[in-house]
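So you can see what is in the structure, the chains are spelled out below.
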Protein chains: 2
Amino acid sequence: MLSTTSRTTLGRAKERGSTDRNDLYEVLDTALVCHLGVVADGHPMVVPTGYGRIGDTLYLHGSTGARSLRAGDGSEVCVTVTHLDGIVLARSIFNHSFNYRSAIIYGRPRLVTDADERMEALRALSEHLAPGQWDYARRPSRKELAATTVLALSLEEASVKIRRGAPKDEEEDYDLPVWAGVVPLVTSYGEPEPDPVLPEGIATPVHVLSRE
Amino acid sequence: MLSTTSRTTLGRAKERGSTDRNDLYEVLDTALVCHLGVVADGHPMVVPTGYGRIGDTLYLHGSTGARSLRAGDGSEVCVTVTHLDGIVLARSIFNHSFNYRSAIIYGRPRLVTDADERMEALRALSEHLAPGQWDYARRPSRKELAATTVLALSLEEASVKIRRGAPKDEEEDYDLPVWAGVVPLVTSYGEPEPDPVLPEGIATPVHVLSRE
């Protein structure tokens, strides 16, 4: 079950809300970036960034200088993950919409300082971005680790919204001679493009070729 | 030229910054949703939402009840638009990255009350979501207009970041026997799916079929 705090309980479009924790995991595990919202110098600031998940913890990382990661000081953040699945063309302009799956997580991230947890978090972030690379590419050096801030955000307070399927039109509009339906949006991986300076004889690894 | 306020001047990865206003337009005009960040009851809140652009004004809309649109009261928002173009696989985990194009806009939105400007804004929002539909589907009724909040956000204070191309590895890592390159991410439109209750004989309009 997901939380039912005032800010994770939907005020509108309640039928789009999910209270199934597995929907949250599915939304998080199949997207690549989140939008991290913080309050910086009194104003909102939203930045796209990668993430990783281990159980009910979301990990974020970045340069130790990043303004968006100062939240490790105990202030609140909002992390939003959005999949756009289609454009919903209704019979009226008003009922046009997106098909989407989105998750919103609220909380106060914890600065991760334990060396083992930091490494597990970075592995989760790396495997989320590029599965198989953690055991393939060069691991972080001591200097690189020192330059990296890792934050942990509990998935305790989260909400999920999902819209699927055909348009919902006003009763009287169904008689209009207007086409209605959904144009799906599909995101896919293209052919891997080798670094132009890659020496000959280094084959594209199977875990890169087989990504879907 | 784009602005050079303290919050739109990049602190890190300066080489990724663009100061060309045309890059801002290109990022905005080719994405479908933004992530709107507000401060709600003292905490950050980030929601995905559609938008439209006319010149140097970004228009947002939503239900009059939407918490995220209370910003019409003069408080600050941050609007972020992100295109994910590829996964950058480097020789080291540390230098893994995304190829992306993103825009961040700061400002205090203005509540749009003028009837003509509201209609032009809704047209821009609609045409951004689904080009051609404004002249095809039923236009908003007086009741629907009354239920809709429209906000205008100036593009005056904005920054654009773009990362393209191959990984940038540490000098000493280029000798490693590790494949490096980019896996492109491609978003495309699928075959339009008619509403199951659509009467026979209503053809899919050309502007829907020809969308790319």
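As the structure is a computational prediction, the values presented were derived from the model and not from experiment.

Okay, the environment of Ala13 of chain A next. Among the structural elements, Ala13 of chain A can be located in the segment before strand E1 (17–18). The spacing of Ala13 of chain A and Ile162 of chain A is 149 residues in sequence and 10 Å in space, taken between C-alpha atoms.

Time to look at the packing of aromatic side chains. Per the counting criterion, the structure on display carries 0 aromatic pairs over all chains. Just above the ring of Tyr25 of chain A sits the side chain of Arg53 of chain A; from NZ or CZ to the centre is 4.0 Å.

Note that the two copies of the chain are related through a rotation about an axis and a translation along the same axis. The two copies are related by a screw motion: chain B maps onto chain A through a turn of 180° and a shift of 0.0 Å along the axis, at an RMSD of 0.0 Å. The transformation relating the two chain copies, once decomposed into turn and shift, fits a two-fold axis. Measuring from the rotation axis to each C-alpha of chain B, the shortest distance belongs to Thr187 of chain B, at 2.1 Å. A share of 100% of interface residues in chain B that are also interface residues in chain A marks the association as one of identical surfaces.

Formed by 64 residues in total, the largest nonpolar core has its most connected members in Leu28, Leu58 and Val79 of chain A together with Leu28, Leu58 and Val79 of chain B. Setting aside residues no more than four positions away along its own chain, Val79 of chain B makes contact with Cys34, His35, Leu36, Leu58, Leu60, Ala103, Ile104, Ile105 and Leu153 of chain B. Residues Ile87, Trp179, Ala180 and Val183 of chain B belong to the second largest nonpolar core, which totals 15 residues.

Residues and elements named next belong to chain B. Listing the buried residues of helix H1 (residues 21–30) in full gives Arg21, Leu24, Tyr25, Val27 and Leu28. Take H1 and look down its axis: the buried residues cluster within an arc of 165°, on one side only. Structurally, H1 contributes buried residues whose contacts are with strand E4 (52–54), strand E5 (57–63), strand E6 (77–89), strand E7 (97–107), helix H2 (115–129) and strand E10 (157–163). With a side-chain oxygen lying 2.8 Å from the backbone nitrogen of Asn22, the N-terminal cap of H1 falls on Asp20.

Thresholds, definitions, all that
- Sequence order as written defines the numbering, with residues in each chain counted from 1.
- Going through the entries in the order they are written, you letter the chains from A and number the ligands from 1.
- Only residues with pLDDT of at least 70 get local features here, since the model is predicted, and only at 80 or more are side-chain atom pairs given and counted; chain-wide, interface and lining totals rely on the full set of residues.
- The basis for the side-chain values is all heavy atoms of the structure; hydrogens and waters are excluded.
- Comment: elements are numbered from the N terminus, with helices defined as DSSP H or I runs of at least four residues and strands as E runs of at least two.
- A pair of Phe, Tyr and Trp rings is counted when the ring centres sit within 6.5 Å of each other, with Trp represented by its six-membered ring. The angle between the planes then sorts it: under 30 degrees is stacked, over 60 is edge-to-face, the rest tilted.
- Charge-over-ring placement is defined geometrically: NZ (Lys) or CZ (Arg) within 6 Å of the ring centre, and within 35 degrees of the ring normal.
- Least squares is used to superpose the copies, and the fit set is the C-alpha atoms of residues whose pLDDT is at least 70 in both copies.
- We call two residues in contact when some of their heavy atoms are within 4.5 Å.
- Definition used in this section: a nonpolar core is a set of buried Ala, Val, Leu, Ile, Met, Phe, Trp, Tyr and Cys residues joined via side-chain atoms within 4.5 Å.
- Partly exposed residues are those whose accessible area sits between 20% and 50% of the maximum for their type, while under 20% is buried and over 50% is exposed, using a 1.4 Å probe and protein chains only.
- It is the directions from the helix axis to the C-beta atoms that the arc portrays.
- Identification of polar contacts relies on pairs of N or O atoms within 3.5 Å, with a donor-acceptor requirement for protein atoms, meaning one able to donate a hydrogen and the other able to accept it, and with residues adjacent in sequence counted only if both atoms are side-chain atoms.

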